[in-house]
Amino acid sequence: MKITGATKTSGIFGHPIGHTLSPVMQNAAFEAAGCDIVYLPFHVSPARLPGAVDAVRALEMVGVNVTIPHKERVMGYLDSVDPTARAIGAVNTVVNSDGRLTGYNTDGEGYMRSLTGETGFVPEGKSVILIGAGGAARAILHALLSGGAASVLIANRTVKRAEDLACDFGGVFEAREVGVSALDAAELARRVEGADLVVNTTSLGMEGSPVLDFPVEALPTGAVVSDIVYRPGDTELLKRASERGLAVHRGIGMLVCQGALGFELWTGLTAPVDVMTRAVMDELSAGPSEGE
Ligand code: ATR
């Protein structure tokens with residue numbers, strides 16, 4: 001990559017930021033597409049967020065990604081927020097158009113693009129078990145309901161959080177059934193009948209985290225099992241699903257596709273998804289993951 005006086009800038013704001021895979025992924029994409037843009041990691045403490053957002057304008061950056069813990073609060077410093085990001089309540093991508101900053105959320109759409117692209121699953125009329133009720137679950141639930149899912153059961157360790165999420169979206173998508181459950185294998189075994197998709201949006205199953213105890217054996221034979229955890233690529237959940245002969249969807253796809261949508265918002269070009277996937281996979285197989 002050759003940086004000159006004409007090179008434009010982009011990057012990611014987070015706290016911490018040391019383990020992000022986005023610079024490797026986006027720089028590979030810019031290079032493959034012939035874009036003269038460089039993508040850098042920026043450690044932004046919560047107190048410095050307003051100044052960092054203003055710097056996107058001052059430095060005439062193309063845009064930035066925003067990650068934990070800034071995804072919700074950043075909305076207050078932008079000029080406008082896209083309706084999907086507003087409904088989800090979080091922004092992960094900021095686009096700078098002549099000094100006007102607009103916030104988007106590409107997590108839910110990125111998830112759907114990856115899921116449908118890899119497995120052919122379309123949410124219309126389907127029954128879904130959503131594990132987790134945090135930020136990722138919000139974005140994915142919004143995408144599933146927007147795509148016409150008929151029913152979603154949200155299973156979470158903290159049931160109140162699942163209830164709050166069901167309440168937030170159940171009202172907007174009135175015709176759909178949005179239920180809640182404890183994250184309890186015995187209870188879920190009784191409730192998975194007819195499920196078309198199970199998606200884990202928690203950190204359970206990630207390297208260094210406990211494994212998700214889910215009753216894979218009770219799922220119907222046509223169900224798709226999806227995990228947004230990408231380290232390891234094949235979580236215990238996915239291994240058990242594969243052993244049962246179920247279709248599986250790995251977490252790397254959402255990571256790449258949310259980034260691909262950001263790339264497309266910044267450049268107006270079709271993202272080189274294969275190049276981005278390769279860059280992330282190379283990094284995952286090469287790099288240590290301590291501290292993540
Ligand atoms: P993110 O933005 O990545 O979704 P988050 O908002 O902190 O992160 O949400 C994390 C999700 O993982 C939550 O659903 C959380 O459950 P709680 O709402 O009960 O906290 C879930 N989670 C994290 N660690 C967990 C664990 N050890 N056991 C069960 N659920 C866990």
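You'll find the structure just up there.
Parameters and conventions
Residues numbered from 1 in each chain as written. Predicted model: local features only at pLDDT ≥ 70, side-chain atom pairs only at ≥ 80, totals over all residues. Heavy atoms only, no water. Helix = DSSP H or I, 4+ residues; strand = E, 2+ residues; numbered from the N terminus. Rg over C-alpha atoms; globule rule 2.2 N^0.38 Å. Buried < 20%, exposed > 50% of the residue type's maximum accessible area, 1.4 Å probe, protein only. Contact = heavy atoms within 4.5 Å. Pairing = 2+ DSSP bridges. Axes fitted to C-alpha atoms, helices over the stretch in contact; angles between N-to-C directions. Parallel < 35°, antiparallel > 145°, perpendicular 65-115°, else oblique. Left-handed = near helix turned anticlockwise from the far one by under 90°. Nonpolar A, V, L, I, M, F, W, Y, C, P; charged D, E, K, R; others polar. 1 Å grid on protein atoms, 1.4 Å probe; cavity = no way out; pocket = protein on both sides within 12 Å on 5 of 7 lines; lining within 4 Å. Points joined across faces, edges and corners; volume = space filled by probe spheres on them.

**Regarding the overall build of the chain**
Working step 1: Per the secondary structure count, the chain includes 10 helices and 12 strands.
Working step 2: The C-alpha atoms of the chain give a radius of gyration of 19 Å, which matches the 19 Å a tight globule of 292 residues would have.
Working step 3: Structurally, the chain occupies a C-alpha span of about 60 × 40 × 35 Å along its principal axes.
Working step 4: Looking at the 292 residues of the chain, the share that counts as buried comes to 49%.
Working step 5: Considering only contacts within the chain whose residues lie at least 6 apart along the sequence, 69% involve residues at least 24 apart.

**Examining the pairing of strand 6 (residues 100-104)**
Working step 1: Pairing geometry for strand 4 (residues 80-81) and strand 6, over 2 bridges, is parallel. Paired with S80 across the bridge in strand 6 is T102.
Working step 2: Pairing between strand 5 (residues 93-97) and strand 6: 5 bridges, direction antiparallel. When the sheet's bridge partners are listed, V95 is paired in strand 6 with T102.
Working step 3: Linking strand 5 back to strand 6 in an antiparallel pair, the connection comprises 2 residues, with D98 at a positive phi of about 50°.

**A closer look at the side chain of N156**
Working step 1: Inspection of the secondary structure puts N156 in strand 8 (residues 151-156).
Working step 2: Contacts of N156, omitting those with residues within four sequence positions, involve G132, A133, R161, A162, S181, A182 and L183.

**Details of the sheet that holds strand 7 (residues 127-131)**
Working step 1: Strand order in this open sheet of 6 strands is 9-8-7-10-11-12, and the pairing throughout is parallel. For this open sheet the edge positions go to strand 9 (177-182) and strand 12 (247-249), each flanked by a neighbour on one side alone. Adjacent strand axes in the sheet meet at a mean angle of 20°, parallel and antiparallel pairs treated alike.
Working step 2: Looking at chain direction, strand 7 and strand 10 (residues 197-200) are connected through 4 bridges and run parallel. Paired with I129 across the bridge in strand 10 is V198.
Working step 3: Each of strand 7, strand 8, strand 9 and strand 10 is contacted by helix 5 (residues 135-146), which is oriented at about 175° to strand 7, the strand it contacts most.
Working step 4: On the sheet, helix 8 (residues 236-243) packs against strand 10, strand 11 (224-227) and strand 12 and is oriented at approximately 165° with respect to strand 11.

**A short note on the packing of helix 1 (residues 22-33) against helix 9 (residues 252-267)**
Working step 1: Between helix 1 and helix 9, the shortest axis-to-axis distance is 10 Å and the interhelical angle comes to 50°. In terms of orientation, helix 1 lies oblique with respect to helix 9. Along this stretch, helix 1 crosses helix 9, giving a crossing that reads as right-handed. Across from M25, Q26, A29, F30 and A33 in helix 1, the residues of helix 9 making contact are L255, V256, Q258, G259, F263, W266 and T267.

**Re the packing of helix 1 against helix 10 (residues 273-286)**
Working step 1: Taken N-terminus to C-terminus, the directions of helix 1 and helix 10 make an angle of 145°; their axes are 8 Å apart at the nearest point. In this structure, helix 1 crosses over helix 10, and the sense of that crossing is right-handed. Contact with helix 1, carried on its side by V24, M25, Q26, A28, A29 and A32, involves V275, M276, A279, V280 and E283 of helix 10 and no other residues of that element.
Working step 2: For the contact of helix 1 with helix 10, the residue count by class is 9 nonpolar, 1 polar and 1 charged.

**Looking at empty space enclosed by the protein**
Working step 1: Applying the stated criterion across every chain yields a total of 1 cavity of 30 Å³ or more.
Working step 2: There is about 30 Å³ of room inside the largest cavity.
Working step 3: Broken down by class, the residue content of the lining of the largest cavity amounts to 4 nonpolar, 3 polar and 2 charged.

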